[in-house]
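If you want the building blocks of each chain, they are given just below.
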Amino acid sequence: MACKHCDHCQIEHHEHHEHEKKENKLDIILYIIAIIFLGMSFIPVFSNIKVIFILLSILLSGYELLFNGIKNIFKLDFEEDTLMTIAVIAAFCLGEYVESSLVIILFRLGEFLEERAVNKSNESIKEIVKIKADTANRVIKDVIETVDVKEIKIGDIILIKPGEKIPVDCKVIYGETQIDSSSLTGESKPVFVSKEMEILSGGVNLTGSITCEVLRDAENSAAAQIVDLVYEATNNKGKTEKFITRFSKIYTPIVILIAVLIAIIPFIFNLDVKDWIMRALIFLVASCPCSLVISVPLSFFTGLGKISKKGMIIKGTKHIENLAGATVIAFDKTGTLTTGNMKIDTLESFNSYNKETILSYMYSLELLSNHPIGTAIKNYSKEIEQKKVEDYKEIAGYGLYGKIEDREILFGNRKLLEQYEIKINNEIPENAICLSVGKEIAGYVILTEEIRNESNNIVKELKDIEIKKVIMLTGDNLKSAENIGNRINVDEIKANLLPKDKLTVIEELKKTDEKVIFVGDGINDSPVLASSSFGIAMGAGASIASITADGILISNNISTIPSIIKTARRVMNVVKANIIFSLIIKAIVLILGAFGIAPIWLAILADTGVTFLTVLNAVKNIK
């Protein structure tokens, strides 16, 4: 992980931001005065001091650029400021005063427009960074005190009032409310929470006050980890970004060498020196690789922000390329396509027993165990009578035994009933969990996992964005797997898999040159998440920073995955379009400049104009 961003750093960042805003206002005022001076230079009455007005125009609008450029010349650091400074000074010395001023004026205009577009693209990232709360209301012996969130410790009791951010991950112990977690998950619908429910930091309490027990301190809560992931993500460059960085380091010295050669041609062939030096200056101005160096990282950065608004945090721009290129997607079943909760699929009763009676027996036994079956039974009917159980025991791998109303009750699989020599009807399915009362079968249930609502259409939506194949991987038996997989229409089902078997499946798919997305729970599936082309872990919690996935689906909503893939693809399309557009325009202007056809304003347009257009393309077309 990147270093933690402490409050001191945030204060410094805020102060730096305020200082920058003041500087920007001053720059704009000076820029306007510079334009006025340039305009005054065209008034005939000021013809005698025209040069002074133009010089003031240059200094007021480009003092910082000129200072950096001159400094870089001595360092032999030929970046954008250096090239512009050489062009401005040389044009002024050659008597091309208006052109010299136009270089600075138009260049600064491009910078202002670029900065505005870049700031707009940062909005999504800034919103995420704001999810961390600064303070919390700690409760000690009925006394409420507002303290720095860093002082909150695990086990503390806190009060969260309406309108306040959730400061840390916690569990509700009193009260109920609705929480706006849109900044965290991208989901606009408020979430209802009540007693015993866990809530993640970063959301906003909307309606009622709730008292909560702290589960994780501020540093290890979801909001802090998400903010850290966002900061880390902006520093993890992809292959395309790294290529552009390397390209500009090679490209710029070559262009400068060509410009120098153009400038010395008239001395060799006895040509017009001023004309050829102007050509060299035009070549320098037009050649700046700003449009690539700025727009490519910005496109990835904008993509990160847009994807985060859809409920996923990606651990670096380098992963966007793999996400965009995905052709196959594999889902873990439990907790991904399903909720992880069980529900009753079939309930049958025999002889004189009705369904309410057998449900009562089943539920009474299950309440004494740790099985999730009890919840499934409870959810099946609103009113279930709980009966007193005596001589209760749990038989590992088989089921439950107990006495209810002086009658022996068994609830479990076939092996349990066979152990107690109870005859089983051949019509009862193999996967049934049977209930016997006395020595006869009273009924059975067949359980199935609860499918997420969003799983029902996920395959169709993925096919609509041209994902070739959707696979379901699970450690469950084939019959249970087929029950889920066939209902949501996956292309392929692979069951009875150990974690290492899932890893083998992903590796085999990658050998066929497919880029594979794997979606899992982020804990048991860590090796598979790490091995896949792009790993998606479900949910947020204590260990999201250490999960091996490339993306964390904070929203837990898999229906957003197709839209997220489309955004990643738009990022790559915009990047490719910007690279092609920039290189073509620059090539045209460089050739025209070398032949003395392009004026200096066209060279500036090829630099700042193209940069602005590519930045605008990144901001407007990535959704």
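Structural data are supplied above this passage.
Residues numbered from 1 in each chain as written. Predicted model: local features only at pLDDT ≥ 70, side-chain atom pairs only at ≥ 80, totals over all residues. Heavy atoms only, no water.

A. Summary view of the overall build of the protein chain. Of the regular secondary structure elements, the protein chain holds 21 helices and 22 strands. Counting every position in the protein chain, which comprises 623 residues, the buried fraction comes to 48%. For the protein chain, restricting intrachain contacts to residue pairs at least 6 apart in sequence, the fraction spanning at least 24 positions comes to 65%. When the accessible surface of the protein chain is summed, it comes to about 30,300 Å², and 56% of that surface belongs to carbon and sulfur atoms. (Helix = DSSP H or I, 4+ residues; strand = E, 2+ residues; numbered from the N terminus. Buried < 20%, exposed > 50% of the residue type's maximum accessible area, 1.4 Å probe, protein only. Contact = heavy atoms within 4.5 Å. Areas by Shrake-Rupley, 256 points an atom, 1.4 Å probe, with all protein chains shown as cover.)

B. Quick look at the nonpolar core. Ranked by size, the top nonpolar core spans 49 residues in total, and within it I329, F331, L462, I517 and I561 carry the most contacts. In terms of residue count, helix α20 (residues 561-594) provides more of this core than any other element does, 9 residues in total. Once residues lying within four places of it in the same chain are set aside, the contact partners of F331 are T336, L337, I458, L462, V470, I471, M472, L473, F518, V519, I558 and I561. Within the second largest apolar cluster, 42 residues are counted, among which are A87, V88, I262 and A603. (Core = buried A, V, L, I, M, F, W, Y, C linked by side-chain atoms within 4.5 Å.)

C. Structural view of the sheet that holds strand β18 (residues 469-473). Sheet architecture is open: 7 strands sit in the order β10-β22-β21-β20-β11-β18-β19, paired in mixed fashion. In this open sheet, the two strands that pair with only one neighbour each are β10 (312-314) and β19 (492-494). Between one strand axis and the next, the sheet turns by 20° as a mean value, whatever way the strands run. Relative to β18, strand β11 (residues 328-332) is paired through 5 bridges, and the arrangement is parallel. Looking across to β18, one finds that D332 is bridged to L473. Sitting on the sheet, helix α17 (residues 478-488) is in contact with β18 and β19, with an inclination near 155° to β19. (Pairing = 2+ DSSP bridges. Axes fitted to C-alpha atoms, helices over the stretch in contact; angles between N-to-C directions.)

D. Summary view of the pattern of salt bridges. If you walk through the whole model with that rule in mind, you get 22 salt bridges. Note that E145 and R138 form a salt bridge whose closest N and O atoms lie 3.1 Å from each other. For E145, a relative accessible area of 31% corresponds to the partly exposed category. One salt bridge connects E492 with K494, and the closest N-O pair in it is separated by 2.9 Å. The network of salt bridges with common partners includes R138, E145, E151 and D156. (Salt bridge = Lys/Arg side-chain N within 4 Å of Asp/Glu carboxyl O.)

E. Structural detail: α17. Restricting attention to buried positions, one finds in α17 the residues A481, I484, G485 and I488. One side of α17 holds all its buried residues, which, seen down the axis, span an arc of 95°. With respect to the buried face of α17, the exposed residues turned more than 90 degrees away are K479 and N486. Taken together, the buried residues of α17 touch α12 (333-337), β12 (338-349), β17 (440-451), α16 (458-464), β18 and β19. Downstream of α17 by a residue or two, N489 has a phi angle that is positive, lying close to 65°. (Arc of directions from axis to C-beta.)

F. Quick look at the environment of V610. Relative to the elements of secondary structure, V610 occurs in helix α21 (residues 600-621). Spatially, the C-alpha atom of V610 lies 9.9 Å from that of A286, the residues being 324 residues apart in sequence.

G. Main features of the state of the cysteines. Under the definition given, this model contains 0 disulfides. No disulfide involves C212; its sulfur sits 3.8 Å from that of C170, the nearest cysteine. (Disulfide = S-S within 2.5 Å.)

H. Seen up close, the environment of G155. Relative to the elements of secondary structure, G155 occurs in the loop between β2 (143-148) and β3 (157-160). Its relative accessible area of 36% is what places G155 among the partly exposed residues. On a C-alpha basis, the gap between G155 and E213 in space is 5.8 Å, while along the polypeptide they are 58 residues apart. Beyond its immediate stretch of four places on either side in the chain, G155 contacts E213 and V214.

I. Up close: the packing of helix α2 (residues 50-75) against helix α3 (residues 80-93). The interhelical angle for the contact between α2 and α3, taken along N-to-C directions, is 140°, at an axis separation of 8 Å. Considering their axes alone, α2 and α3 lie oblique with respect to each other. The chirality of how α2 crosses α3 is left-handed. Every residue of α3 that contacts α2 at V51, I54, L55, I58, L65, L66, N68, G69, I70, N72 and I73 is listed here: D81, T82, M84, T85, I86, V88, I89 and F92. The class makeup of the residues in the contact of α2 with α3 is 13 nonpolar, 5 polar and 1 charged. (Parallel < 35°, antiparallel > 145°, perpendicular 65-115°, else oblique. Left-handed = near helix turned anticlockwise from the far one by under 90°. Nonpolar A, V, L, I, M, F, W, Y, C, P; charged D, E, K, R; others polar.)

J. Focus on the sheet that holds strand β8 (residues 204-205). In space, the 3 strands of this open sheet follow the order β6-β5-β8, with antiparallel pairing throughout. Each end of this open sheet is capped by a strand with a single partner; those strands are β6 (191-193) and β8.

K. Representation of the pairing of strand β5 (residues 177-180). What you see with β5 is a clean split: T177 and I179 sit on the buried side and Q178 and D180 on the side with no burial. Bridging between β5 and β6 involves 3 bridges; their strand directions are antiparallel. Bridge assignment links I179 to a residue of β6, and that residue is V191. Where β5 meets β8, 2 bridges bridge the pair, whose relative direction is antiparallel. In the strand pairing of β8, D180 is matched with V204.

L. Representation of a nonpolar patch on the surface within the structure. Together, L257, V260, L261, I264, F267, I268, F269, L271 and V273 make up an exposed nonpolar region whose accessible area comes to about 860 Å². With 7 residues, helix α8 (residues 239-269) is the single largest residue contributor to the nonpolar patch. The residue I268 is located in helix α8 in this model. (Patch = residues over 30% accessible without salt bridge, like charges linked within 9 Å, V, L, I, M, F, W, Y side chains within 5 Å.)

M. Representation of the packing of aromatic side chains within the structure. The final tally for this structure, using the stated rule, is 6 aromatic pairs. An angle of 85° between the planes, with centres 5.2 Å apart, marks the rings of F46 and F53 as edge-to-face. You can call F46 partly exposed: its relative accessible area is 27%. When the ring of F350 is compared with that of Y444, the centres are 5.9 Å apart and the planes differ by 45°; the resulting orientation is tilted. (Phe/Tyr/Trp six-rings, centres within 6.5 Å; stacked < 30°, edge-to-face > 60°.)

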